[in-house]
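Spelled out from the first residue to the last, the chains are:
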There are 2 protein chains.
Amino acid sequence: MSGMAREAGGARAAAVPWDNDFRWTCAGTPGWQRMNQKIRIGIVGYGNLGRGVEVAIGQNPDMSLAGIFTRRDPAAVRPLGAGVPVQPLQRIDAFADGIDVLVLCGGSRSDLPEQGPALAARFNTVDSFDTHARIPEYFDAVDRAARGQGHASIIAVGWDPGFFSLVRAYGESVLTDGATYTFWGRGVSQGHSDAIRRVPGVRAAVQYTVPVQQAIDRVRRGESPSLTTREKHTRECYVVLQEGADPVTVERAIVTMPDYFADYDTTVHFTDAATLQREHAAMPHGGFVLRTGRTGQNTPQVFEFALQLGSNPEFTACVLIAYARAAFRLAKQRRFGAHTVFDIAPGLLSPRSPAELRAQLL
Amino acid sequence: MSGMAREAGGARAAAVPWDNDFRWTCAGTPGWQRMNQKIRIGIVGYGNLGRGVEVAIGQNPDMSLAGIFTRRDPAAVRPLGAGVPVQPLQRIDAFADGIDVLVLCGGSRSDLPEQGPALAARFNTVDSFDTHARIPEYFDAVDRAARGQGHASIIAVGWDPGFFSLVRAYGESVLTDGATYTFWGRGVSQGHSDAIRRVPGVRAAVQYTVPVQQAIDRVRRGESPSLTTREKHTRECYVVLQEGADPVTVERAIVTMPDYFADYDTTVHFTDAATLQREHAAMPHGGFVLRTGRTGQNTPQVFEFALQLGSNPEFTACVLIAYARAAFRLAKQRRFGAHTVFDIAPGLLSPRSPAELRAQLL
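Fair warning: this is a prediction, and the values are worked out from it, not measured in the lab.

Let's talk about the overall build of chain A
In terms of helices and strands, chain A carries 12 helices and 14 strands. In terms of overall dimensions, chain A is globule-like: its C-alpha atoms have a radius of gyration of 23 Å, near the 21 Å expected for 362 residues. Based on the C-alpha atoms only, the size of chain A along its principal axes is roughly 65 × 65 × 35 Å. Residue burial in chain A is summarised as follows: out of 362 residues, 57% are buried. Counting only contacts in chain A whose residues sit at least 6 apart along the sequence, the fraction spanning at least 24 positions is 69%. In the structure as shown, chain A presents an accessible area of about 14,800 Å², 49% of it carried by carbon and sulfur atoms. The averaged location of the 36 negative side-chain charges in chain A is 5 Å from the averaged location of its 38 positive side-chain charges.

So, in structure tokens, the structure goes:
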């Protein structure tokens, strides 16, 4: 906290050279925050994702945590790390000189549509905006804000949208005569869990999206099947009832719910609060993207990507941090405006230099 | 063939505008090759890979085949497509006005070290140089040639090096505390097949590299095992003996061969020439890249990519063609010199515009 206060009075860093090894040269700028010459990350919003970003910064030696910014009372926020500054989001401009990239950890429904463009006008940003249908308009809003003010933003970062999107693009670019399949799970869907919690008589609930193994196997065998919604995924619900609620009524309300459950084979398990907390508090997720295609004289080819995530928010946080490194480099290269994972060369995510990547990973 | 001859007399295309949608606008240049406004690809070398590239061009509506260039007698080369021009490689400069990108389909041992830099000085190129240890020097040689003459080259394109390299880089950039594993196969290794053919008494041979399923399963479970060479892969050899050769002697010579087989569990199956041709003439390959890591409070995360290729050269050809599209765009953007897959934003591979990618694949 005291570091942040001192930083607020510091001079803005002079423009620094950018060498081939993507190393940042410190020009002796005054202020605590430049002594370690790291990429200084600010976290906006401190829920599961923000906590994941805090831990991920500690796993990346070229990064440091500049501070956490919250709309809540800062005194009510308890960072995992000792001495991590927490400040009210409304005062973030005062800390601009100590921040290279902001990681926006708010939700896509109401936080990011407002915060994304507003903060992109004042900072380099990355976010995990994940309302697929609204990405084009969100991109345009962030692009206008960032480009006009000379900042770089990368939106919709994570695994879907994110790595799954990349694999869909790589797959269809290479196997042009083919089909793409995305399967999600086994994992917790927050949206479906929330939908169950809104059913009268439900006290708590966790919903797992489960890919149908036989469907994945058919795709892997190169059958290029046409699969209905019901054939691709099933849904498993763990539900704690309110006192006196009727399980039959609740189950029927869940399995017939339009959009969320009616088109799936859904199973409902009733349980108690202690069991739900003990066995279903983790947030695993993951899934599969497959591209199958034919080349030459009808030769089958299968291109597959899979994630098995012990924690969805912790993994998403790691992806955000890797793209924060890319956003920092984009800004140094004066590539301002909004970007997506499609626009980012893979090497920009790596702490290794291009020469190291060629020698060691190619 | 006649088209190529006419092309040789055509005027060089005027500089054309490059719009946001990566579309190329034709400025009414004379000559047959500009009528369809496609990316015009030249193939250098016409073996399995060159044939794969010829087919792949036909699967990409934004591309056309400008011609095949060979060191052999052109009359001895039989393209799959009717009317495809075949020219001697030594005359390729005469066709420069009709070619946007050359796809180099020669071998890494002797063809590419010479052809890569020489042709990068006169054309935009892509190649599948795959001698991992010599990539840095090859990169430097191509970079000097291409940069000095205003051309763009992408080297070491394919699946390993290529997509497997990308996954290694993406994986370690995101899961920084972790381990990376590459398994190859089940597939035919040309290098190991060649090594067997050099054993006295061997008439023909095909060698399959086989990943050990239990090892993959241990990695997938997040055990982060230390695996020896022998624990990761086994080798299966199908061998046709010369008349009168002693199978026991041949088998011993194979399984004890240093570098190639001595460190592996190797099985040798003797067969006849007709069976080898019938059952082992295809060139399947593939494999797995896994990155496992820990996030947060020791949460396991698994990041996996897999390829199951019915034909190794046909798939590699498709990857080359997608990166040829990127090389074409790099040249339009005046990003000259050598590049690798690490330097290429994924969107540059796709025939879709950035806006389409965001709306449809993100």
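Next, the rest of the story.
Thoughts on the packing of aromatic side chains
As enumerated under the stated definition, the model contains 20 aromatic pairs over all chains in all. A centroid spacing of 6.4 Å and a plane angle of 40 degrees characterise the contact between F303 of chain A and F315 of chain B, whose relative ring orientation is tilted. Linking F303 of chain A in strand β13 (residues 299-309) with F315 of chain B in helix α11 (residues 312-332), this pair reaches from one chain into another. For F303 of chain A, a relative accessible area of 1% corresponds to the buried category. Given the relative accessible area of 0%, F315 of chain B is considered buried. Taken together, a centroid distance of 6.4 Å and an interplanar angle of 40 degrees make the contact between F163 of chain B and F305 of chain B tilted.

Brief notes about the relation of the copies chain B and chain A
Superposing chain B onto chain A takes a rotation of 180 degrees plus a shift of 0.0 Å along the axis, which leaves an RMSD of 0.1 Å. As the rotation angle and translation indicate, the two copies are arranged about a two-fold axis. Most of the interface of chain B is mirrored in chain A, where 100% of its interface residues again form contacts.

Re unusual backbone geometry
Residues and elements named next belong to chain A. Going from D160 to P161, the amide bond is cis rather than trans, its omega being 5 degrees. Here P161 lies in the loop between β6 (152-154) and α5 (163-174). With an omega of 0 degrees, the peptide bond running from G185 to R186 counts as cis. Within the fold, R186 resides in the loop between β7 (178-184) and β8 (187-188). With a phi close to 60 degrees, A156 is a non-glycine residue in the positive phi region. The topology assignment puts A156 in the loop between β6 and α5. A relative accessible area of 0% places A156 in the buried class. The backbone of S224 sits at a positive phi, close to 50 degrees, despite the residue not being glycine. The topology assignment puts S224 in the loop between α7 (213-220) and α8 (229-232). In this structure S224 comes out as partly exposed when scored by relative accessible area, which is 39%.

Digging into empty space enclosed by the protein
What the rule picks out here adds up to one cavity of 30 Å³ or more. A volume near 100 Å³ is recorded for the largest cavity. Along the walls of the largest cavity sit F163, L166, V167, Y170, F303 and F305 of chain A together with F163, L166, V167, Y170, F303 and F305 of chain B, which together make up its complete lining. Those elements that place two or more of their residues in the lining of the largest cavity are α5 and β13 of chain A together with α5 (163-174) and β13 (299-309) of chain B. For the lining of the largest cavity, the per-class residue count stands at 12 nonpolar, no polar and no charged.

A short note on the packing of helix α11 (residues 312-332) of chain A against α5 of chain B
Two elements in contact, α11 of chain A and α5 of chain B, have axes separated by 8 Å at closest approach and are oriented at 105 degrees. Taken together, the axis directions place α11 of chain A and α5 of chain B in an arrangement best described as roughly perpendicular. Together, F315, C318, V319, A322, Y323 and R325 of chain A of α11 of chain A and Y170, S173 and V174 of chain B of α5 of chain B make up the contact between the two elements. Broken down by class, the residue content of the contact of α11 of chain A with α5 of chain B amounts to seven nonpolar, one polar and one charged.

Considering the sheet that holds strand β9 (residues 202-211) of chain A
Residue and element names in this part refer to chain A. If you trace the four strands from one edge of the open sheet to the other, you get β8-β9-β10-β11, paired in mixed fashion. Unpaired on one side and paired on the other, β8 and β11 (265-270) mark the two borders of the sheet. As paired elements, strand β10 (residues 233-241) and β11 share six bridges and run parallel to each other. The partner of V239 across the bridge, within β11, is F270. With respect to the sheet, helix α6 (residues 190-197) is in contact with β8, β9 and β10, its orientation differing from that of β9 by roughly 145 degrees.

Some remarks on the pairing of strand β9 (residues 202-211) of chain B
Residue and element names in this part refer to chain B. Burial analysis of β9 places eight of its 10 residues in the buried class, which makes it a mostly covered element. Note that strand β8 (residues 187-188) and β9 share two bridges and pair antiparallel. Bridge pairing in β9 links V188 to Y208. Sheet topology note: the β9/strand β10 (residues 233-241) ladder contains nine bridges and is antiparallel. Note on β10: the bridge partner recorded for T209 is R235.

Examining the interface of chain B and chain A
The interface of chain B with chain A comprises 64 residues on the first partner and 64 residues on the second. Carbon and sulfur atoms supply 60% of the area that chain B and chain A bury against each other, a total of about 5,500 Å² over both sides. It is F342, R358 and L362 of chain B in chain B that bury the most area against chain A; as a group they hold 15% of the surface buried on that side. At the junction of chain B with chain A, the criterion picks out two salt bridges. One salt bridge in this structure joins R352 of chain A and E172 of chain B, with 2.5 Å as the shortest N-O distance. At the boundary of chain B and chain A, one finds 35 residue pairs in polar contact (both at pLDDT 80 or more). Counting only elements with at least two residues in the side of chain B that touches chain A, the list comes to α4 (135-149), α5, β12 (285-295), β13, α11 and α12 (354-360) of chain B.

Some words on the packing of helix α2 (residues 48-58) of chain A against α11 of chain A
Residue and element names in this part refer to chain A. The contact between α2 and α11 brings their axes to 8 Å, and the two run at 55 degrees. Taken together, α2 and α11 sit at an angle that is classed as oblique. Crossing handedness for the pair α2 and α11: right-handed. Side by side, α2 and α11 meet where N48, L49, G52, V53, A56 and I57 of the first sit next to P313, T316, A317, C318, L320 and I321 of the second.

Digging into α5 of chain A
All names here are of chain A. Over its 12 residues, α5 runs 16 Å from end to end, which matches the ideal 16 Å to within 8%, given 1.5 Å per residue. The buried count for α5 comes to 12 of 12 residues, which makes it a mostly enclosed element. The complete set of buried residues in α5 reads F163, F164, S165, L166, V167, R168, A169, Y170, G171, E172, S173 and V174.

Conventions we followed
Note that residues are indexed from 1 along each chain, following the sequence as it is written. Numbering of ligands from 1 and lettering of chains from A proceed in the order in which they are written. Only residues with pLDDT of at least 70 get local features here, since the model is predicted, and only at 80 or more are side-chain atom pairs given and counted; chain-wide, interface and lining totals rely on the full set of residues. To get the side-chain values, all heavy atoms of the structure are used, and hydrogens and water are removed first. Only DSSP runs of H or I reaching four residues or more are called helices, and only runs of E reaching two or more are called strands; each is numbered from the N terminus. Restricting the calculation to C-alpha atoms gives the radius of gyration, and the globule rule supplies 2.2 Å times the number of residues raised to the power 0.38. Partly exposed describes any residue whose relative accessible area lies between the buried limit of under 20% and the exposed limit of over 50%, with all areas from a 1.4 Å probe on protein chains only and scaled to the type maximum. Residues are treated as being in contact if the distance between any of their heavy atoms lies within 4.5 Å. Where accessible areas are quoted, they stem from the Shrake-Rupley method and a 1.4 Å probe; at the residue level, only the protein chains shown are allowed to cover. As used throughout, the charge tally considers Lys and Arg to be positive and Asp and Glu to be negative, leaving His and the chain termini uncounted. Charge positions come from single atoms, namely NZ of Lys, CZ of Arg, CG of Asp or CD of Glu. Within 6.5 Å between ring centres, the rings of Phe, Tyr and Trp (the latter by its six-membered ring) count as paired, and their orientation is classed by plane angle as stacked under 30 degrees, edge-to-face over 60, tilted in between. The atoms used to superpose the copies are C-alpha atoms, taken from residues with pLDDT of at least 70 in both, and the fit is least squares. Buriedness of a pocket was judged along seven lines, with at least five required to meet protein on both sides within 12 Å; pockets are open sets of points on a 1 Å grid over the protein atoms alone, cavities are sets where a 1.4 Å probe fits but cannot get out, and lining residues have an atom within 4 Å of a point. Grid points are joined across faces, edges and corners, and a volume is the space filled by probe spheres set on the points. Three categories are distinguished: nonpolar for Ala, Val, Leu, Ile, Met, Phe, Trp, Tyr, Cys and Pro, charged for Asp, Glu, Lys and Arg, and polar for the others, with Gly belonging to the last. Only C-alpha atoms enter the line fits that serve as axes; for helices the fit covers just the stretch in contact. Angles between N-to-C directions range over 0 to 180 degrees. We call two directions roughly parallel when the angle between them is under 35 degrees, roughly antiparallel when it is over 145, roughly perpendicular when it lies between 65 and 115, and oblique otherwise. Paired strands, in this sense, are two strands between which DSSP finds at least two bridges. Buried area, as used here, totals the accessible surface that two parts lose on assembly, with accessibility defined by a 1.4 Å probe and the loss added over both. A carboxyl oxygen of Asp or Glu within 4 Å of a side-chain nitrogen of Lys or Arg is what we treat as a salt bridge. Under the rule applied, a polar contact is a pair of N or O atoms within 3.5 Å (in protein, one hydrogen donor and one hydrogen acceptor; residues adjacent in sequence only if both atoms are side-chain atoms). Helix crossings get a hand from a simple test, with the near helix turned counterclockwise from the far one by less than a right angle marking a left-handed crossing and a clockwise turn marking a right-handed one. Multiplying 1.5 Å by the helix residue count minus one yields the expected span of that helix.

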